[in-house]
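A closer look at the structure
Spelled out, the chains give:
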There are 2 protein chains.
Amino acid sequence: MSPRFAYSDLVALSEAVLVKAGLPAEPAASVAAGLVEADLLGHTTHGLALLADYVEELDNGTMERKGWPDVVADHGAVATWDARRLPGVWTTRLAVEEATRRAAMYGLGAIAVRRSHHIACLAAFLEAPARAGMLVLIYSSDPSDAHVAPFGGLTPVMTPNPIAAGIPAEPDPILIDVSTSITTAAMCGRVGAAGGRLAGAWIKDSHGNTTDDPAAFKAGGSILPIGGLDHGHKGYGLSLMVEAMTQGLGGYGRADAPREWGAGVLVLALSPAAFGGLDGFTRQTGWLAEACRASRVPEGAPRVRLPGEAALGRKRQALAHGVVLHDGIAEHLSWLAARFALPALVPLAD
Amino acid sequence: MSPRFAYSDLVALSEAVLVKAGLPAEPAASVAAGLVEADLLGHTTHGLALLADYVEELDNGTMERKGWPDVVADHGAVATWDARRLPGVWTTRLAVEEATRRAAMYGLGAIAVRRSHHIACLAAFLEAPARAGMLVLIYSSDPSDAHVAPFGGLTPVMTPNPIAAGIPAEPDPILIDVSTSITTAAMCGRVGAAGGRLAGAWIKDSHGNTTDDPAAFKAGGSILPIGGLDHGHKGYGLSLMVEAMTQGLGGYGRADAPREWGAGVLVLALSPAAFGGLDGFTRQTGWLAEACRASRVPEGAPRVRLPGEAALGRKRQALAHGVVLHDGIAEHLSWLAARFALPALVPLAD
């Protein structure tokens, strides 16, 4: 049986590592909680797997340690921040809090964040505001990198550009977190390192042929937008929309040729209470969720799930019985604990 | 050579038809201009092809003739309207105007519209605000119908649920208008009536097998979400998001079991000037558009296009040299002109 770890032990160790690496207490606590939340939800490429990378960025000075985001513009229901490469998991949480505060006042609110550092797992920000009755959307792109070619083209121009939405519903919120490309560079890296193949022909090689070989991506290929060769103009359009809503509204992006790992981010919060009412909202989303769950399926197939349903189930399980980490992550944490002379992580007794 | 018609003749005839069918002058003019705009842009299933259907709805009393949308809620930057089944092309234009007015004041604005009638072509609303420097998004769903099954299921629950965005850029805006399903009921109907096959296996039949036969959709099948069987959980998630943003925020939808053709709509306007500045915005979108156009393509393949680029080219061409209508539409218009004793449409001289 895989070792299981206590949620609070994982957060405490990660927080202590980040403090030792030079972060003040508040961002360290926020980043630690955000990364562990991703592992709880099963987004294991975007959780504690990133902690060693974040420490390296702090070591290199490419992740800023001190201070707060600068306010570039502030106008009614919206603001634009320069995050100055402070930890993105923390600044995104601040942006969610500020956008929801403005949504409570104006019906909706938005914070555009330029020069964010990496923001990890978008779904990890959504459960709390959704349970508090707020519809929060997060859009993200990385102007320092290019993995996805425009439909019909071969030159990568965009990143996987996710769209996430936390939708209030009973008994649990619907948590959507989808990249506008079929897969991500992180997944290609993980599968490639294990010598495997992707679950579909999601890469276009440098000649325009599709393949499931993740190595073709590094060798001058690109990740296909959702819809692939068949209807990838849709993923391409959605990906352009995310670029405009993040780098466009933030006023900083590819045109500035940034070279360091980071993100442009838009957080948009809408308050159902200010529209047709929160009860009216959850009446519709509850009906919809039930209709999806009740959908007929082919004989022998599992019932239909809602986005986030499996993730929230995993989280409940992990909080009750301990967190099982993806291969290699516990070793990473041991290495970080040893480096900073912190007590080693102890698995829960079986 | 196909007959060509003057833009102004098409708008004048359509407007006169709608007035004869009982609409006041303002909604008649707005609907006529909106439908012809769709044909100019090449969205021929969602333009004048709908005029006879709209007249039928006016005849039946299922499209409301008189008055204005009721304001259900009004709170800061957002409002919720009950369109009372007034013509959706008109009420959506009103919602775009009101959302952009609020965005100019608060940085962003949103109008949720319940009990809208059909809104036709979403892209047709976007060029004018984008040229005026406003980023406008439109989301739409039809709670009276179900064509798209949730990922893994067989029972249709959702409609094609489009997302549209008009993005300010130089020299022309980027106009995105994509359904979150691979194709639409209108396209299945058109291809099926012509005895043809879809361009891909975009239908799931009642047993869960995919097919390009549009007849399988009517025979208990469903339209696949974008991503299909391979990665359709992404289209499914985006489609649920559109349901929540339209019927959820509007507080009226499937839970109310409406039976008449219509829509739930959300119009969201964001003012780049209130974020990082309009110049900063178009600097990023211009760079992005140029990078997409410059993308390397396979030998002999056409260069990459931006969404809306071909449509705006068609529109320029049609305004300069006349509008070529899709098969059958001129006959529809002749029939409507005859019914209402209006002068027949005369093609332009070659």
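Residues numbered from 1 in each chain as written. Chains lettered and ligands numbered in written order. Predicted model: local features only at pLDDT ≥ 70, side-chain atom pairs only at ≥ 80, totals over all residues. Heavy atoms only, no water.

Within chain A, the secondary structure is distributed over eleven helices and twelve strands. Rg of the C-alpha trace for chain A: 20 Å, near the compact-globule value of 20 Å for 350 residues, within the 12% margin. Referenced to the eigenvectors of the C-alpha coordinate spread, the extents of chain A come out at roughly 55 × 50 × 50 Å. A separation threshold of at least 6 residues defines the contact pool for chain A, and within that pool the share at least 24 residues apart is 66%. Seen as two clouds, the 28 positive and the 35 negative side-chain charges of chain A have centres 2 Å apart. (Helix = DSSP H or I, 4+ residues; strand = E, 2+ residues; numbered from the N terminus. Rg over C-alpha atoms; globule rule 2.2 N^0.38 Å. Contact = heavy atoms within 4.5 Å. Lys, Arg positive; Asp, Glu negative; His and termini not counted. Charge placed at Lys NZ, Arg CZ, Asp CG, Glu CD.)

This paragraph deals with the packing of helix H3 (residues 51-60) of chain A against helix H11 (residues 329-339) of chain A. Each pair of packed helices can be summarised by the angle the axes make with each other and by the distance between the axes. Residues and elements named next belong to chain A. It is the contact of H3 with H11, at a shortest axis distance of 9 Å, that shows an interaxial angle of 35°. On H11, the residues touching Leu51, Ala52, Val55 and Asp59 of H3 are His332, Leu333, Leu336 and Arg339. Residue composition of the contact of H3 with H11, by class: five nonpolar, one polar and two charged. (Axes fitted to C-alpha atoms, helices over the stretch in contact; angles between N-to-C directions. Nonpolar A, V, L, I, M, F, W, Y, C, P; charged D, E, K, R; others polar.)

The next subject is the relation of the copies chain B and chain A. Once chain B is rotated about the relating axis by 180° and shifted along it by 0.0 Å, it coincides with chain A to within an RMSD of 0.0 Å. On the angle and the small slide along the axis, the relation comes out as a two-fold axis. Closest approach to the rotation axis among the C-alpha atoms of chain B is made by Gly227 of chain B, whose C-alpha sits 2.4 Å away. (Least-squares fit on C-alpha atoms with pLDDT ≥ 70 in both.)

On to the packing of aromatic side chains. Inspection of the entire model under this criterion finds five aromatic pairs over all chains. Taken together, a centroid distance of 5.9 Å and an interplanar angle of 55° make the contact between Tyr54 of chain A and Trp261 of chain A tilted. Placement of the pair is Tyr54 of chain A in helix H3 and Trp261 of chain A in the loop between helix H8 (228-250) and strand E11 (263-270), with a sequence separation of 207 residues. Residue Trp261 of chain A is classed as partly exposed on the basis of its relative accessible area of 25%. Each ring, one from Tyr106 of chain A and one from Tyr106 of chain B, has its centre 5.5 Å from the other, and the planes form 55°; the classification is tilted. Linking Tyr106 of chain A in helix H4 (residues 88-106) with Tyr106 of chain B in helix H4 (residues 88-106), this pair reaches from one chain into another. Like Tyr106 of chain A, the residue Tyr106 of chain B is buried in the burial classification. (Phe/Tyr/Trp six-rings, centres within 6.5 Å; stacked < 30°, edge-to-face > 60°. Buried < 20%, exposed > 50% of the residue type's maximum accessible area, 1.4 Å probe, protein only.)

Every contact between the two is made by 88 residues of chain B and, on the other side, 88 residues of chain A. Buried surface at the junction of chain B and chain A, summed over both partners, amounts to about 6700 Å²; 70% is from carbon and sulfur atoms. The interface formed by chain B and chain A contains two salt bridges. Here Asp256 of chain B makes a salt bridge to Arg283 of chain A, at a shortest N to O gap of 2.8 Å. Ranked by residue count, the leading element in the side of chain B that touches chain A is helix H8 (residues 228-250) of chain B, at 16 residues. (Buried area = accessible area lost by both parts, 1.4 Å probe. Salt bridge = Lys/Arg side-chain N within 4 Å of Asp/Glu carboxyl O.)

So, about H3 of chain A. Here H3 of chain A has its buried residues at Leu51, Ala52, Tyr54, Val55, Glu57 and Leu58 of chain A. In this fold, the buried residues of H3 of chain A make contact with helix H1 (7-20), helix H2 (25-41), H4 and H11 of chain A.

To continue, consider the packing of helix H9 (residues 278-293) of chain A against H8 of chain B. At a minimum axis separation of 8 Å, H9 of chain A and H8 of chain B run at an interaxial angle of 145°. Every pair of crossing elements has a handedness; the one defined by H9 of chain A and H8 of chain B is right-handed. Taking contact as the criterion, the partners of Gly280, Phe281, Gln284, Thr285, Leu288 and Cys292 of chain A in H9 of chain A are, on H8 of chain B, Tyr236, Leu240, Glu243, Ala244, Gln247, Gly248 and Leu249 of chain B. Of the residues assigned to the contact of H9 of chain A with H8 of chain B, the class counts are seven nonpolar, five polar and one charged. (Left-handed = near helix turned anticlockwise from the far one by under 90°.)

Residues and elements named next belong to chain B. Most of strand E6 (residues 162-167) is tucked away: six of the six residues are buried. Bridge count for strand E5 (residues 135-141) against E6 is four bridges, and the pairing is antiparallel. Bridge pairing in E6 links Val136 to Gly166. As defined by bridge partners, E6 adjoins strand E7 (residues 174-179) across six bridges and the pair is classed as antiparallel. The partner of Ala165 across the bridge, within E7, is Ile176. Joining the antiparallel neighbours E6 and E7 is a turn of six residues. (Pairing = 2+ DSSP bridges.)

With that settled, consider the environment of Thr100 of chain A. Residues and elements named next belong to chain A. Relative to the assigned elements, Thr100 resides in helix H4. According to the relative accessible area criterion, Thr100 is buried, its value standing at 16%. The sequence separation of Thr100 and Pro162 amounts to 62 residues, and the corresponding C-alpha distance is 20 Å. In this view, Thr100 contacts Pro129, Met134, Val136 and Ala269; residues no more than four positions away in its chain are not counted.

Sheets are built from strands paired through backbone hydrogen bonds, the pairs being either parallel or antiparallel. With respect to topology, three strands assemble into an open sheet ordered E9-E8-E10 (chain B), the strand pairing being antiparallel. If you trace the sheet from one side to the other, it starts and ends with strand E9 (210-211) and strand E10 (222-223) of chain B, each paired once.

Let's shift gears to the pattern of salt bridges. If you walk through the whole model with that rule in mind, you get 38 salt bridges over all chains. Across the pair Asp82 of chain A and Arg115 of chain A runs a salt bridge whose closest N-O atoms are separated by 3.3 Å. Highlighted residues: Asp82 of chain A in strand E3 (residues 78-82) and Arg115 of chain A in strand E4 (residues 108-116), separated in sequence by 33 residues. For Asp82 of chain A, a relative accessible area of 12% puts it in the buried group. On the basis of relative accessible area, Arg115 of chain A is assigned to the partly exposed category, the value being 30%. Between Asp212 of chain B and Arg197 of chain B there is a salt bridge, with the nearest N and O atoms lying 2.9 Å from each other. Separated by 15 residues along the polypeptide, Asp212 of chain B in the loop between E9 and helix H7 (215-218) and Arg197 of chain B in the loop between helix H6 (185-193) and strand E8 (203-204) bring together distant segments of the chain. Taking the relative accessible area as the measure of exposure, Asp212 of chain B reaches 26% and is therefore partly exposed.

In space, the seven strands of this open sheet follow the order E2-E3-E4-E11-E5-E6-E7 (chain B), with mixed pairing throughout. With one partner strand each, in any of the chains shown, strand E2 (70-75) and E7 of chain B form the two edges of the open sheet. When strand polarity is set aside, the average angle formed by the axes of neighbouring strands in this sheet is 10°. Two elements, E5 of chain B and strand E11 (residues 263-270) of chain B, share seven bridges in a ladder whose sense is antiparallel. Residue pairing across strands places Val136 of chain B opposite Ala269 of chain B, the latter belonging to E11 of chain B. The strands that H8 of chain A touches are E5, E6, E7 and E11 of chain B; relative to E7 of chain B, the one it contacts most, it runs at about 130°.

Moving on, we come to the domain arrangement of chain A. All names here are of chain A. The assigned domain composition of chain A is domain 1 (1-67 + 309-350) and domain 2 (69-182 + 224-307). Each of domain 1 and domain 2 was reduced to a C-alpha centroid, and the two centroids are 23 Å apart. Contacts between domain 1 and domain 2 engage 27 residues on the former and 28 residues on the latter. Looking at the side of domain 1 facing domain 2, the largest losses of area belong to Glu64, Glu309 and Leu312, adding up to 26% of the total buried there. Linking domain 1 with domain 2 are five salt bridges. (Domains from an automatic or database assignment.)

Residues and elements named next belong to chain A. Counting buried positions over the nine residues of E4 gives eight, a clear majority of the element. Bridge count between E3 and E4: five bridges; the pairing is parallel. By the bridge assignment, Ala79 is partnered in E4 with Ile111. Of the crossover connections in this fold, the one passing from E3 over H4 to the parallel E4 is right-handed. Pairing of E4 with E11 involves seven bridges; the strand directions are antiparallel. Considered in E11, the bridge of Ser116 is made with Ala263. (Right-handed = clockwise from strand over helix to strand, strands pointing away.)

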